[in-house]
Amino acid sequence: MSLAGNSSIKNGYYNATVGRNLDTVYGSFQCRGDVPLDVCQGCIKIGTKEIKENYRCPNSKQAILWYDICMLRYSNQSYFNIRQDRPAVYLANTRNISNPDQFRQILSDFMDGLSGKVASNINGSTKFATGDTPFTDMIKIYGYVQCTEDISLSDCNQGLLLSLSQLRNLTEASRGGQILKPSFNVRFEIYPLFPSITTPSPSPAPLPLVSPPSSTNTTTPDANGIKSSILVVCIVVPAVIVAFCAISIWFFCFQRKKKRRTEFFDDVDEEIQSTESLQFNFSTISAATNNFSEANKLGEGGFGPVYKGTLSNEQHIAVKRLSEHSGQGDREFKNEVTLVAKLQHRNLVKLVGFSLSGEEKLLIYEFMPNASLDKFLFDPIKCAQLDWERRYKIIKGVAAGLVYLHEESRLKIVHRDLKASNILLDKDMNPKIADFGMARLFVLDQTQASTKRIVGTHGYMAPEYVMHGKFSVKSDVFSFGVLVLEILSGRRNNGFHKSEIARDLLSYVWRHWNDGSAIEILDPTLKDTYSRNEAVRCIHVALLCVQENVADRPTMPTVVQMLNTYSDINTDLPSEPAFFADSTRHPNLGSNSGEQRSAKDESNIEAGTWSVNELTVSEVHPR
């Protein structure tokens, strides 16, 4: 297939198909909207040569090459005219900007303006916009947004909204950032992005890649003697790679072959031992907690006590000391260290480190002075501190954290135990998702998994998980929906068991929704301080999340898009929620189900004062 030499290029885009039946190959390229045709063709020639001569991703049925000024793609499946958000590459400048709050506002308005230029495209011109805006007298912000020309303008607009929302979450205070997707490309920097456009030169073959995936950064002079870099990443194990660079050429290959799923914990001890930078001496943590004194004890969980401590650098920490006799403690310890150590997001609790010393196993987290969300939400006095602005901020923050876990991190993670007590609050009441002891790692293309060991908290677990042991990212979506309704109403989902109003919170909200009185479910402490539009939108989104049919629930990126967009981007009406009290579909499924037995709650206590307020349920199976 020859793409580069074709003259039928429209707005920098061209596609072609070669072969037939099972041997069909689909290929396309998209150049940046402001590059001349000859430069575009030169970039494609180089990309084609990379595939044919250096063949960076052997045995891959699908591949994407991203350069600064063009993207080349091929596949064994037709993808033309279809909006595609995955796979995605998320890049952030490692240097931070001064005055981040002011910068974020200006950046947001600027990038939204670029997106608006594309949205106002009514003459069929290129789906590309670029520009700059002043930040200070000395600094400008430069950026561009682009959709591939084959997708519809509607898909382009919605995809850009989502990508820009993700970009804001990714680059909280970074000087630059970019998100690359098969159908979208958005980027900003505080320097001119491409002061002169030159055709990138081919780079030498990369060093061999091993598992886990590694990257090769090669530097080579171009025709004008200017050096350019290329980051080469081939996916040989399920992962999404996040790389940092300033001026670079990105090359990303992916493989969708079905792989046999391997057990996550096979070599976990080796992984823990290799994370040396996070490992503390036991004596250091013992001293920080005053030898684990009762005065420093924050509480007691199912897997052991938690203590407040202070390191020698005055950093406050929360230390989870796993019980020696907790059979589940080892598994949770390994899970949290190997997962959380690889996660970095402002809405996830930060793992400071761990300690292994004989039978002693310690998990060390950043200290959260405001404890967990349930301490405020369900306290008749403290709940008044959660005004509408704070509640709405918490909802959107938790949603952003879940998007990161499901879509944006180097790993694809299902949390499986999202609830109010596992949402920690920092000094500014920003939410942070915590407690990854129950979390499960998914491979890149995996959509669902099954287990015979049902773990989680009653009232938050999705019906397909409770009844059949099947879980997916949509299980977290269900839990998020329950959490949102609790935040809005100030009532526990399982707090209706002695009430004649409804069996649970979902039933209560559903009845009000059907009666046209949904706003009446709001916490009375909010009074008239809330935004009616935002409140109704949150209720609508939450009810979509708790629908019984897994396929009907939105993904978390769609949830974030709905929460951050004030136009009607989703007109779907929710169906009856799972576990609805009047439902006849599962008449035996309730809080007294004989298949469930209660155990001590493993709520997260990294933040501060500990309370037991939920039930963790498990199914018992013979050995």
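In case you missed it, the structure is sitting above this.
Rules of the game
Residues numbered from 1 in each chain as written. Predicted model: local features only at pLDDT ≥ 70, side-chain atom pairs only at ≥ 80, totals over all residues. Heavy atoms only, no water. Helix = DSSP H or I, 4+ residues; strand = E, 2+ residues; numbered from the N terminus. Expected span 1.5 Å × (residues − 1). Buried < 20%, exposed > 50% of the residue type's maximum accessible area, 1.4 Å probe, protein only. Contact = heavy atoms within 4.5 Å. Disulfide = S-S within 2.5 Å. Salt bridge = Lys/Arg side-chain N within 4 Å of Asp/Glu carboxyl O. Pairing = 2+ DSSP bridges. Polar contact = N/O pair within 3.5 Å; in protein donor to acceptor, adjacent residues only side chain to side chain. Axes fitted to C-alpha atoms, helices over the stretch in contact; angles between N-to-C directions. Parallel < 35°, antiparallel > 145°, perpendicular 65-115°, else oblique. Nonpolar A, V, L, I, M, F, W, Y, C, P; charged D, E, K, R; others polar.

**Quick notes on helix α2 (residues 100-119)**
Since one α-helical turn is 3.6 residues long, residues separated by three or four positions face the same way. Here α2 contains 20 residues, and its C-alpha end-to-end distance of 28 Å stays within 8% of the 28 Å for a straight helix at 1.5 Å per residue. Those residues of α2 not exposed but buried are Phe103, Leu107, Ser108, Phe110, Met111, Leu114, Ser115 and Val118. At its buried positions, α2 is contacted by β6 (128-134), β7 (140-147), α3 (153-170) and β9 (184-189).

**Details of the state of the cysteines**
Under the criterion given, the structure shown has three disulfides. For Cys43, the disulfide goes to Cys70, at an S-S distance of 1.9 Å. The S-S bond linking Cys43 to Cys70 shows a torsion near -70°; that makes this disulfide left-handed. Here Cys70 lies in strand β4 (residues 70-75) and Cys43 lies in helix α1 (residues 37-54), a separation of 27 residues in the sequence. The class of Cys70 is buried, set by a relative accessible area of 4%. Across the disulfide, Cys147 is cross-linked to Cys156 (sulfur-sulfur distance 2.0 Å). Judged by the sign of its S-S torsion, about 75°, the bond between Cys147 and Cys156 is right-handed.

**Some thoughts on the pattern of salt bridges**
Using the criterion set out here, one finds 15 salt bridges in the structure. Here Lys140 ties to Asp132 by a salt bridge, and the two come within 3.7 Å at their closest N and O atoms. With a closest N to O distance of 2.6 Å, Glu360 and Arg321 form a salt bridge. Of this pair, Glu360 sits in strand β17 (residues 360-366) while Arg321 sits in strand β15 (residues 316-321), and the two are 39 residues apart along the sequence. Residue class for Arg321 comes out partly exposed when judged on its relative accessible area of 21%. Bridged by salt links that share partners, the residues Arg83, Asp85 and Lys181 form one connected network.

**Description of the pairing of strand β3 (residues 62-66)**
Burial analysis of β3 places five of its five residues in the buried class, which makes it a mostly covered element. Here β3 shows two buried faces, one formed by Gln62, Ile64 and Trp66 and the other by Ala63 and Leu65. The turn linking β3 back onto β4 is made up of three residues.

**Concerning the side chain of Glu407**
Locating Glu407 in the fold gives a position in helix α8 (residues 388-408). At a separation of 3.4 Å, a polar atom in the side chain of Glu407 contacts the side chain of Arg86. The contacts of Glu407, once residues within four sequence positions are left out, are Arg86, Tyr90 and Pro557.

**Regarding the packing of α8 against helix α10 (residues 473-489)**
Packed helices, taken two at a time, are described by the angle between their axes plus the distance between the axes. Two elements in contact, α8 and α10, have axes separated by 11 Å at closest approach and are oriented at 175°. Taken together, α8 and α10 sit at an angle that is classed as roughly antiparallel. Packed against α8, whose contacting residues are Trp388, Arg391, Ile394, Ile395, Val398, Ala399, Leu402 and His406, the element α10 presents Val473, Asp476, Phe480, Leu483, Val484, Ile487 and Leu488 at the interface. Its residues assigned to classes, the contact of α8 with α10 comprises 12 nonpolar, one polar and two charged.

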